[in-house]
Amino acid sequence: MDTNKQSGSCCSCSPGLQEQSCDCHSTESCREEIRTTDSTITFANRLDHFLARWSWKREAHRVEPGLYRLGNPTPESPVFASANYTLSFDALRSALAGIDAWILVLDTKGINVWCAAGKGTFGSAELVKRIKAAGLDTVVTHRKIIVPQLGAPGISWPEVLRKSGFMVEYGPVRARDLPEYLKTHTATPAMRRVEFPLTDRLVLTPVEFVHAALPTAIAAAVLWFLAGPVAALAIIAAVLAGTILFPALLPFIPTHDFSSKGMILGLIVATPFVYVFGTTAGVPVWAAVFGAAAALLIIPAITAYLALNFTGSTTFTSRTGVKKEIFRYVPLMAVMLVAGSLFALALGIGKMVGAI
């Protein structure tokens, strides 16, 4: 990807960066430098996408905010807003292959459009700031900027219009629909529909799994030493259910809340372990009951918690809905986890003193 800087400005007009005198009363002379990009996705780009999916150096997958020239745009060419997360930026520029356009990249701290809109970094204030910093009114003759539909929660068009003079046009959900959308500047119902198919859900699982991998490995090693391989396998199964199986089965699990969906899946995953611990030969009845109870309480709590975390990866939820889930279900998960851990601790003590 070529990101050469080009500008007609005399200097940056930023403190500490001037090497020559500059009249900062002129908008054109003080605008940021315009970078150049293209629509080609290189091997390096694809490697970056892969590493981002696996949460490798999470803060490194970003491009410089500012105005980019794609192809050979004119003052009449369309302007698109994007996040400075490399996957978002690359999806946009590759979808616009063969189209001359301007891309205004907002500083979303390396976060995608949907999540940044929820956090406020892909917001009205940042959009207005970038419009002014780029001197966009001197670059294009029209006063329209196309924003991804998923960025709408963070962008208030009346505020942007009042503060910058630019009208916000909400484009389609998917960047790949932009060439068709540009023919009429009207989104079809299909372009407005937010979908979350199996492939989209599974592509998010590596990040969720990587975050939980180290704690899971430590917990499994400790349990293997204290209670044997089955106990270690139970923890691994709970985490895999929450990070991989839950996203795959999300639409098919009954109930609306992610936490209750995770609880149901956790109960299903816990069932064979409850049976194994509850029917272990050669142990006192109380030990078998405690073992079954520990599995029945701990596994669903872990799976439900990981399922709740997945709300940040989907457009199926809202900020208020997630807050309600947190206050409603997290205390229950905590109680279950503590109770299950007490049963497991009692078993460990019993084993140490020779009661089992």
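Keep in mind that this is a model prediction, so the values were computed, not measured.

Draft legend 1. Quick peek at the overall build of the protein. Regarding its fold elements, the protein presents 15 helices and seven strands. Here the protein has a C-alpha radius of gyration of 26 Å; the compact-globule value for 356 residues is 21 Å, and the former is much larger. Considered along the principal axes of its C-alpha atoms, the protein spans approximately 85 × 50 × 35 Å. Per-residue burial for the protein yields a buried fraction of 45% across its 356 residues.

Draft legend 2. Spatial organisation of the environment of Gly 266. Assignment of secondary structure puts Gly 266 in helix α13 (residues 258-278). Discounting chain neighbours no more than four positions away, the residues touching Gly 266 are Ile 299, Pro 300 and Thr 303.

Draft legend 3. Layout of the packing of aromatic side chains. In total, this model carries seven aromatic pairs according to the counting rule given. Taking 6.2 Å as the distance between ring centres and 45° as the angle between the ring planes, the aromatic pair formed by Phe 50 and Trp 54 counts as tilted. Note on Trp 54: relative accessible area 39%, which makes it partly exposed. Between Tyr 68 and Phe 89 the ring centres are 5.0 Å apart and the planes differ by 55°, which places this aromatic pair in the tilted class. One end of the pair, Tyr 68, is in strand β3 (residues 66-70); the other, Phe 89, is in helix α3 (residues 86-95), with 21 residues separating them in the sequence. What links up through ring pairs into an aromatic cluster is the set Phe 196, Phe 246, Phe 258 and Phe 310.

Draft legend 4. View of the nonpolar core. Phe 246, Phe 273, Ile 299, Ile 302 and Phe 310 are the most contacted members of the largest nonpolar core, which has 27 residues in total. When contributions to this core are tallied by element, the ones reaching two or more residues are α12 (229-249), α13 and α14 (285-309). The next biggest cluster of nonpolar side chains, apart from the first, holds 26 residues, and it includes Ala 81, Ala 117, Phe 122 and Val 160.

Draft legend 5. Molecular detail of a nonpolar patch on the surface. Side chains of Val 338, Leu 342, Leu 345, Ile 349, Met 352 and Val 353 sit close together on the surface and give an oily, nonpolar patch of about 660 Å² of accessible area. With relative accessibility at 52%, the residue Leu 342 sits in the exposed group.

Draft legend 6. Structural context of the environment of Thr 37. Mapped onto the elements, Thr 37 comes out in strand β2 (residues 34-37). The buried category is assigned to Thr 37, whose relative accessible area is 3%. Spatially, the C-alpha atom of Thr 37 lies 7.6 Å from that of Gly 71, the residues being 34 residues apart in sequence.

Draft legend 7. Unusual backbone geometry, seen in detail. Located in the positive-phi region is Lys 109, a residue other than glycine, with phi close to 65°. Mapped onto the elements of the fold, Lys 109 is located in the loop between β5 (101-106) and α4 (113-119). For Lys 109, a relative accessible area of 43% corresponds to the partly exposed category. Despite not being glycine, His 185 shows a phi value in the positive range, around 55°. Checked against the element boundaries, His 185 lands in the loop between α8 (178-184) and α9 (189-192).

Draft legend 8. Here's a closer look at the environment of Asp 257. On the secondary structure map, Asp 257 appears in the loop between α12 and α13. What makes Asp 257 buried here is its relative accessible area of 15%. Here the alpha-carbon distance between Asp 257 and Thr 317, two residues 60 residues apart in the chain, equals 9.0 Å. Sequence-distant contacts of Asp 257, that is, excluding residues within four places in its chain, are made with Glu 325, Arg 328 and Tyr 329. A polar contact of 3.3 Å, which involves the side chain of Asp 257, links it to the side chain of Arg 328.

Rules used in this analysis
By convention here, each chain's residues receive numbers from 1 onward along its written sequence. The predicted origin of the model limits local features to residues at a pLDDT of at least 70 and limits the giving and counting of side-chain atom pairs to 80 or more, whereas totals for whole chains, interfaces and linings rest on all residues. Side-chain metrics in this entry use all non-hydrogen atoms of the structure; hydrogen atoms and water are not considered. Numbering goes from the N terminus for both helices and strands, where a helix is a DSSP run of H or I of at least four residues and a strand is a run of E of at least two. Each radius of gyration is computed over the set of C-alpha atoms, and the globule rule expresses the reference value as 2.2 Å times the number of residues to the power 0.38. Using a 1.4 Å probe on the protein chains alone, a residue whose accessible area is under 20% of its type maximum counts as buried, one over 50% counts as exposed, and one in between counts as partly exposed. When checking whether two residues touch, look at their non-hydrogen atoms; a contact exists if any pair is within 4.5 Å. Pairing of aromatic rings covers Phe, Tyr and the six-membered ring of Trp, with a centre-to-centre limit of 6.5 Å; geometry is then stacked below 30 degrees between planes, edge-to-face above 60, and tilted otherwise. What is meant by a nonpolar core is a set of buried Ala, Val, Leu, Ile, Met, Phe, Trp, Tyr and Cys residues, joined one to another through side-chain atoms within 4.5 Å. Residues enter patches when their relative accessible area tops 30% and they take part in no salt bridge; the joining distance is 9 Å for like charges and 5 Å for the nonpolar side chains Val, Leu, Ile, Met, Phe, Trp and Tyr. Methods summary: accessible areas were calculated by the Shrake-Rupley approach with a probe of 1.4 Å, and residue burial reflects only the protein chains presented. Salt bridges, as used here, are contacts in which a Lys or Arg side-chain nitrogen is within 4 Å of a carboxyl oxygen on Asp or Glu. Residues adjacent in sequence count toward polar contacts only when both atoms are side-chain atoms; beyond that, a polar contact is any pair of N or O atoms within 3.5 Å, and within protein one must be able to donate a hydrogen and the other to accept it.

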